[in-house]
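Fold and contact review
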Amino acid sequence: MQKPPEAVDFALKETSPNIGAGAISTDKLSCTYDLVEQMQYLYVRVVKAKDLPAKDVTGSCDPYVEVKMGNYKGVTKHFDKKTNPEWNQVFAFSKERIQASILEISVKDKDVVLDDLIGRVLFELNDVPKRVPPDSPLASQWYRLEDRKGDKIKHGELMVAVWMGTQADESFPDAWHSDAASVGPDGVINIRGKVYLSPKLWYVRVNVIEAQDLMPSDKNRFPEAFVKVTFGNQALRTRVSQTKSIHPMWNEDLIFVAAEPFEEPLILTVEDKIGSKDEILGKCVIPLQLVQRRLDHKPVITRWHNLEKHVIGEVDHKKEVKFASRIHLRVCLDGGYHVLDESTHYSSDLRPTAKQLWRPSIGILEVGILSAIGLIPVKTKDGRGTTDAYCVAKYGQKWIRTRTIVGSFTPKWNEQYTWEVFDPCTVITIGVYDNGHLYGGKDTRIGKVRIRLSTLQTDRVYTHSYPLIGLQQSGVKKMGEVQLAVRFTCSSLINMLHMYSHPLLPKMHYIHPLSVIQLDSLRHQAMQIVSMRLSRSEPPLRKEVVEHMLDVDSHMWSMRRSKANFFRIMNVLRGLITVGKWFDQICNWKNPLTTILIHVLFIILVLYPELILPTVFLYLFLIGIWNFRRRPRHPPHMDTRLSHADAAHPDELDEEFDTFPTSKSSDMVRMRYDRLRSIAGRVQTVVGDLATQGERLQSLISWRDPRATTLFVIFCLIAAIVLYVTPFQVVALLYGIYVLRHPRFRHKLPSVPLNFYRRLPARSDSMI
């Protein structure tokens, strides 16, 4: 039966690119460019010039170098009044776009009206030598400059090096690229690739214990005191103290997110609630550089801090006066937590903040970003649609950004990047965007891909074309496809399998857990900090890009997502419904032979109850082995049908793309509508979590995670054998004693089976 056009259009496609020049490296720690197609470049290194002749009336010149290859032209910066300039800049021209046979390198004098030619050097393309890494770098040479007629000028030499190479050349990352250059409002812009690092995030815990000797303005009443703590744009406050005295007590924890280097201090103010106004009774400032760093659950030392207050003097000017008022605090930087800055369903890093608590890496993830095909026009330039596409990939603390390919609907990047892997149950996110900064606009999202590492086989190269799906108010739309090559290399299989028994998050999340509301608020603050820091890099990684990569709006209400999560639950329950229908058929003798066999099995299990558990585990083992031949062969990808994006009603999409709060005119409608969306958003999350738990149960024997299924089927086989030789009464007795064990023998950390279960993949990876 032929599939509908939508299913084919949004399907994952396996590709056969000529990566690594046709040879895939088998070295487990290989970091070469063997996951991308080899691209030839003409490299030109302009080092320096000497003895340049004067062109100005001042007896000097303002030199710069122009490198021209056919229709492509690269320009160095110019120097004012310098006859011996030094540039040391590399230009790269893609061989695919070269349509000329002569390379022209001209030294020019910067002028107000027309730049004068000082001299030039010409190279025949056929005479350019080839350099294959890891050859030694090609030495630069001095060349005498020529005039337009080809005659050598009396003074002036230029030191350059010209060679043919690939993107594996050491000069590639820092080179000016002809296919990644455009003329924008500020002139010629070269948009190179970049590697970014997320700032190191800490949780700041402020335990407000008590205060002493508060001095309210009204001496005839006790203050209704509370403490307000401000850190940057984050502000939290305690409840009003129940102790009505000048010595109030709170004993409350307030938690903030901070990023290294710590640029702002903690500011604490003790305030008195007087009607609708708050009066400041005292203030103290605590620099984070002086705060103790905690790695475990042991409490840190408490300290008393003096409170300061500004008062109005007799001459009506402010004086700073130190009072005897004090506040008792316990402040620390919690390094035992993992600061969540991305959705918990798509986490790429689960390590604690403190590096001392990190475990050794278990492998390497290599991703080759090859190309994109079929991109749609995103903006208009000179009356026609165009796209200036680049890719962003995020895994752990490392972000990468490819160079921007200007004016192409089929850009070819062929860039390869490597990440250390510390946990296989993590997700790498790759997004494709249009560079709107070239023309003073915002970067536009084109599409996004997520790949969970636990769904990949080790040491295998996956080459697929992933659909880029855009959800708009008009409906779901295919924005193009991105071609990737992915390889997950394991350095120690034992260590990786051992990870399945560890808690998913660091121990502090279970010993001193944070509430769901706290985690949501802290995640939002962490995202804002990461977005701000990366947008201050050069070149900047735009805020809209970072927020899209981190799924900043994933908690917002959406009728489409809610329906999708509901049908995910129904799909999980379908197995129970199928068993019920099958049992009903047994009872109604639809198949007499099957019914007789079930009767025989039932009688045997009743007469020999010790066979019940071995039979169940053996049955699960056989199902897991049977499903091995039907195991998934490709990584998961965005699924429009699973997300109900292809069948969403226009009114539902209009609601999904509505602003928050809503833009409706009626105040009453706005209040009710926002309340509905807020409540429904929580219900949506709970429903999604329930679906995730059921899908993890299904993945035990589905080979979605081949390592987890291998461990489970081996466990089922061993359990079947052990339970066969062990009397059922002994097993039941031991299990009952274990369940009813004394609290002294219980641990706050999750058990090994629970840790294993939480690491199983779910279909949330495929949700849009």
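Quick note: structure is the one above.
Residue indices follow the written sequence of each chain, beginning from 1 at its first position. The model is predicted, so local features are restricted to residues of pLDDT at least 70 and side-chain atom pairs to those at 80 or more, both for listing and for counting; the totals for chains, interfaces and linings are taken over all residues. Only heavy atoms go into the side-chain values, all of them from the structure, while hydrogens and water stay out.

1. Concerning the nonpolar core
Here the nonpolar core consists of buried residues drawn from Ala, Val, Leu, Ile, Met, Phe, Trp, Tyr and Cys, with membership extended through side-chain atoms lying within 4.5 Å. For the exposure calls, accessible area comes from a 1.4 Å probe over protein chains only, and a residue counts as buried if that area is under 20% of its type's maximum, exposed if over 50%, partly exposed in between. Leu 365, Trp 419, Ile 428 and Leu 484 are the most contacted members of the largest nonpolar core, which has 37 residues in total. Starting at the N terminus, helices and strands are each numbered in turn, a helix being any DSSP run of H or I of at least four residues and a strand any DSSP run of E of at least two. Counting only elements with at least two residues in this core, the list comes to β23 (363-373), β26 (389-395), β28 (412-421), β29 (427-434), β30 (444-452), β31 (461-472), β32 (475-490) and α2 (493-499). When sequence neighbours within four positions are dropped, the list of residues in contact with Trp 419 reads Gly 363, Ile 364, Leu 365, Val 367, Ala 393, Tyr 395, Lys 398, Ile 400 and Ile 428. The contact criterion used throughout is that any non-hydrogen atoms of two residues lie within 4.5 Å.

2. Some details on helix α4 (residues 516-535)
One fewer than the residue count of a helix, multiplied by 1.5 Å, yields its expected span. End to end, α4 covers 28 Å across 20 residues, agreeing with the expected 28 Å (1.5 Å per residue, within 8%). Within the sequence span of α4, burial applies to Leu 522, Arg 523, Gln 525, Ala 526, Met 527, Ile 529, Val 530, Ser 531, Arg 533 and Leu 534. Its buried side turned inward, α4 meets β13 (194-197), β14 (201-212), β16 (234-237), β17 (249-259), β27 (398-401) and α5 (543-549).

3. Considering the packing of aromatic side chains
Each pair of aromatic rings taken from Phe, Tyr and Trp, with Trp reduced to its six-membered ring, is defined by centres within 6.5 Å and is described as stacked if the planes are under 30 degrees apart, edge-to-face if over 60, and tilted in the remaining cases. Following the criterion strictly, the structure yields 14 aromatic pairs and no others. Ring geometry for Phe 617 against Phe 715: centres 6.0 Å apart, planes inclined by 90 degrees, an arrangement best described as edge-to-face. Taken together, the residues span a long stretch of sequence, with Phe 617 in helix α8 (residues 612-626) and Phe 715 in helix α11 (residues 706-725) at a distance of 98 residues. Here Phe 715 falls in the partly exposed class, since its relative accessible area comes to 46%. Linked through ring pairs, Tyr 41, Tyr 43, Trp 163 and Phe 172 together constitute an aromatic cluster. Two conditions define a charge located above a ring, namely a distance within 6 Å from the ring centre to NZ of Lys or CZ of Arg, and an angle within 35 degrees of the ring normal. Over the ring of Tyr 64 we find Lys 110; its NZ or CZ atom is 5.8 Å from the centre of that ring. It is Arg 401 that lies over the ring of Tyr 390; its NZ or CZ is 4.1 Å from the centre.

4. Remarks on the pattern of salt bridges
Within this document, salt bridges are pairs made up of a side-chain nitrogen of Lys or Arg and a carboxyl oxygen of Asp or Glu, the two lying within 4 Å of each other. Throughout the structure, instances matching the rule amount to 29 salt bridges. Between Asp 434 and Lys 379 there is a salt bridge, with its nearest N and O atoms 3.3 Å apart. A residue pair is termed long-range when its members are at least 10 positions apart, and Asp 434 in strand β29 and Lys 379 in strand β24 (residues 379-381) qualify at 55 residues. Neither Asp 434 nor Lys 379 differs from the other in exposure class; each is buried.

5. With respect to α8
Helical geometry note: an α-helix holds 3.6 residues per turn, so side chains three or four residues apart project in the same direction. Compared with the 21 Å implied by 1.5 Å per residue over 15 residues, the 21 Å span of α8 between its first and last C-alpha is a close match. On its buried face, α8 sits against α11.

6. Describing the pairing of strand β8 (residues 141-146)
Alignment of β8 against strand β9 (residues 152-166), held across five bridges, turns out to be antiparallel. Within β9, the residue paired with Arg 144 across the bridge is Glu 157. Counting the residues that bridge the hairpin from β8 to β9 gives five residues, and of these Gly 150 lies at a positive phi of roughly 95 degrees. Following DSSP output, two strands are said to pair if at least two bridges run between them.

7. Regarding the sheet that holds β30
With antiparallel pairing, five strands are arranged side by side in an open sheet as β13-β27-β26-β29-β30. Edge positions in the sheet fall to β13 and β30, since each of these pairs with one other strand and no more. This sheet shows a mean twist of 15 degrees between the axes of neighbouring strands, independent of strand direction. One ladder, built from eight bridges, connects β29 with β30; its direction is antiparallel. Only the contacting stretch of a helix is used when fitting its axis, a line to C-alpha atoms as for every element, and angles between N-to-C directions run 0 to 180 degrees.

8. Structural notes on the side chain of Asp 169
Considering the arrangement of structural elements, one finds Asp 169 in the loop between β9 and β10 (176-177). Residue classification places Asp 169 among the buried positions, given a relative accessible area of 2%. Each polar contact in these results corresponds to two N or O atoms within 3.5 Å; when the atoms are within protein, one needs to be able to donate a hydrogen and the other to accept it, and residues that are neighboring in sequence are counted only if both atoms are side-chain atoms. Polar contacts involving the side chain of Asp 169 include one to the side chain of Arg 131, which spans 2.6 Å. In this structure, Asp 169 is in contact with Tyr 43, Arg 131, Pro 133 and Trp 163, ignoring residues within four places of it in sequence.

9. Some thoughts on the pairing of strand β18 (residues 266-274)
Relative to β18, strand β15 (residues 225-231) runs antiparallel, the two being bridged by six bridges. Bridged to Thr 230 within β18 is Ile 267. Looking at chain direction, β18 and strand β19 (residues 277-286) are connected through nine bridges and run antiparallel. Residue Leu 266 lies in a different strand from β19, and its bridge partner there is Ile 286.

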